[in-house]
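# Summary of structural features
This is what each chain is made of:
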Amino acid sequence: MTVRYEKVALIGLGLIASSMAHAMRAGGLATTIAGHAKTADTRATALEIGLCDTVHDTAAEAVRDADLVVLAVPVGAMGEIAAEIAPHLRAGATVTDVGSVKQAVIDAVAPHLPAGVHFIPGHPIAGTEYSGPRSGFATLFQNRWWLLTPLAQADLAAVAKLRAFLEQMGAKVDEMDAPHHDLVLAVTSHTPHLIAYTMVGVADDLRRVTDSEVIKYSAAGFRDFTRIAASDPTMWRDVFLTNKDATLEILGRFTEELFALQRAIRTGDGQHLFDYFTRTRAIRRGIIEAGQDTSAPDFGRGKAEGRA
Ligand code: NAP
């Protein structure tokens, strides 16, 4: 039996929300989809491409009578939206979010929401470097993890319903607590993004010395970095400002390892380098065996999927 919500309100109409809209339509998971985004431009595009049944000038109007409200805005904007919509939420409604950081979203959103509304924070581990209402596609969540971080007092029936709904969009759903989520994502997503931003920045500085050679001869590794470093600046600024402690912890460990590798290069310790690269190669094999990527060569040119 299909688990569906009568009215879903999408607040923010970018990559994640538009992919949800396409997936909901493909699966018949909602009767009505209402939407709101900050700018008139995005709202007009959403109407033009038929992303939502109704598009509203305010978030408060969009959430009226909704059974499910999805906050799909940058993490730093979640609190102000929650404050705005709180008086307009229907009793018994579920509010979820798709933010890449969880504890900061809980701290910003939960205090505003009235009793009788079920707040179930979430994060789809799926994305591309594209953003905006035209960037979504129905299969974005297919076979990707969607992590839920329910609060201790969460309503089990509401969590089960949301879980079934997300699974019908193709996602694999798991639950964990918010601090654990933030540490795991600092390792698997946030710090790697920071490293990609840095590497592309370094290459850009170098480009000024070597003209266009960095671009012309860019190899697979660098192309992957440029793809990741093309991700939305607002989203990623907010991720680092709100997942500060976990990111700094992982960056500290990263720096120590980098120094050890630097030393091995300086001292000609080939064994250290070989052992290290053998260990990391095994991790790649593990990711492929877990079905989280394919072993096909890509060189950073294909459509990026599966990031967060
Ligand atoms: P996006 O494509 O950049 O879209 C963001 C949307 O939020 C836009 O429609 C924007 O409206 C709207 N918005 C921003 N501030 C707002 C405000 N104050 N009030 C109302 N609407 C506002 O972003 P996205 O990639 O879908 O990301 C959305 C969320 O998902 C973020 O929290 C991000 O951390 C998370 N996430 C992203 C990825 C990814 O890879 N992209 C993956 C997993 C989770 P305008 O267009 O009018 O400015």
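A quick note: this is a predicted structure, and the numbers were derived from the prediction, not measured. (Residues numbered from 1 in each chain as written. Predicted model: local features only at pLDDT ≥ 70, side-chain atom pairs only at ≥ 80, totals over all residues. Heavy atoms only, no water.)

## Focus on the pattern of salt bridges
Where charged atoms of side chains with opposite charge meet at close range, the side chains can pair. The following threshold applies: Any Lys or Arg side-chain nitrogen located within 4 Å of an Asp or Glu carboxyl oxygen qualifies as a salt bridge. By the criteria applied, helices consist of DSSP H or I runs no shorter than four residues and strands consist of E runs no shorter than two, each listed in order from the N terminus. Partly exposed residues are those whose accessible area sits between 20% and 50% of the maximum for their type, while under 20% is buried and over 50% is exposed, using a 1.4 Å probe and protein chains only.
Within this structure, the stated rule accounts for 10 salt bridges. The salt bridge involving arginine 43 is made with aspartate 57; its shortest N-O contact spans 3.4 Å. Separated by 14 residues along the polypeptide, arginine 43 in helix H2 (residues 40-48) and aspartate 57 in the loop between strand S3 (54-55) and helix H3 (59-63) bring together distant segments of the chain. Taking relative accessible area as the criterion, arginine 43 reaches 14% and is therefore assigned buried. A salt bridge links lysine 102 to aspartate 97, with the shortest nitrogen-to-oxygen separation between them at 2.7 Å.

## Details of the domain arrangement of the protein
Put simply, the rule is: Bear in mind that the domain bounds are from an automatic or database domain assignment. Residues count as neighbours in contact if any of their non-hydrogen atoms are within 4.5 Å of one another. Take the accessible area each of two parts loses on contact, using a 1.4 Å probe, and add the two losses: that sum is the buried area. Definition of a polar contact: a pair of N or O atoms within 3.5 Å, with one able to donate and the other able to accept a hydrogen when the atoms are protein atoms, and with sequence-neighbouring residues admitted only if both atoms are side-chain atoms.
Assigned domains of the protein: these are domain 1 (5-176) and domain 2 (180-301). Computed from C-alpha atoms alone, the centre-to-centre distance between domain 1 and domain 2 is 30 Å. On the domain 2 side, the residues contacting the 20 residues of domain 1 number 17 residues. Summing both sides of the interface, domain 1 and domain 2 together bury roughly 1400 Å²; the carbon and sulfur share of this comes to 60%. Linking domain 1 with domain 2 are 0 salt bridges. Where domain 1 meets domain 2, there are 5 residue pairs in polar contact (both at pLDDT 80 or more). Among the elements of the structure, helix H5 (103-109) and strand S7 (145-148) are those that each provide at least two residues to the side of domain 1 that touches domain 2.

## Thoughts on the pairing of strand S6 (residues 118-124)
How we decide: Paired strands are those between which DSSP finds at least two bridges. Classification remark: right-handed applies to a crossover when, strands pointing away from the viewer, the course from the first strand over the helix to the second runs clockwise.
Burial within S6 is extensive, with 6 of its 7 residues counted as buried. Judged from the 4 bridges that link them, strand S5 (residues 94-97) and S6 form a sheet pairing that is parallel. In the strand pairing of S6, valine 95 is matched with phenylalanine 119. On the question of chirality, the crossover connecting S5 to the parallel S6 by way of H5 is right-handed. Sheet analysis places S6 next to S7, joined by 3 bridges and oriented antiparallel. Its bridge partner lying in S7, proline 124 is registered against tryptophan 146.

## A few points about the packing of helix H11 (residues 244-267) against helix H12 (residues 270-289)
To keep things clear, this is the line we draw: Note on geometry: axes are lines fitted to C-alpha atoms, helical ones only across the stretch in contact, with angles between N-to-C directions running from 0 to 180 degrees. Oblique is the label for any angle not under 35 degrees, not over 145, and not in the 65 to 115 range, which are roughly parallel, roughly antiparallel and roughly perpendicular in turn. Gly is put with the polar residues, along with every residue not named as nonpolar or charged; the nonpolar set is Ala, Val, Leu, Ile, Met, Phe, Trp, Tyr, Cys and Pro, and the charged set is Asp, Glu, Lys and Arg.
Contact geometry of H11 with H12 gives a least axis separation of 9 Å together with a crossing angle of 140°. Looking at the two axes, H11 sits oblique to H12. The segment H11 lies against H12, with Glu257, Ala260, Leu261, Ala264 and Ile265 engaging His272, Leu273, Tyr276 and Arg279. The residue inventory of the contact of H11 with H12, partitioned by class, reads 6 nonpolar, 1 polar and 2 charged.

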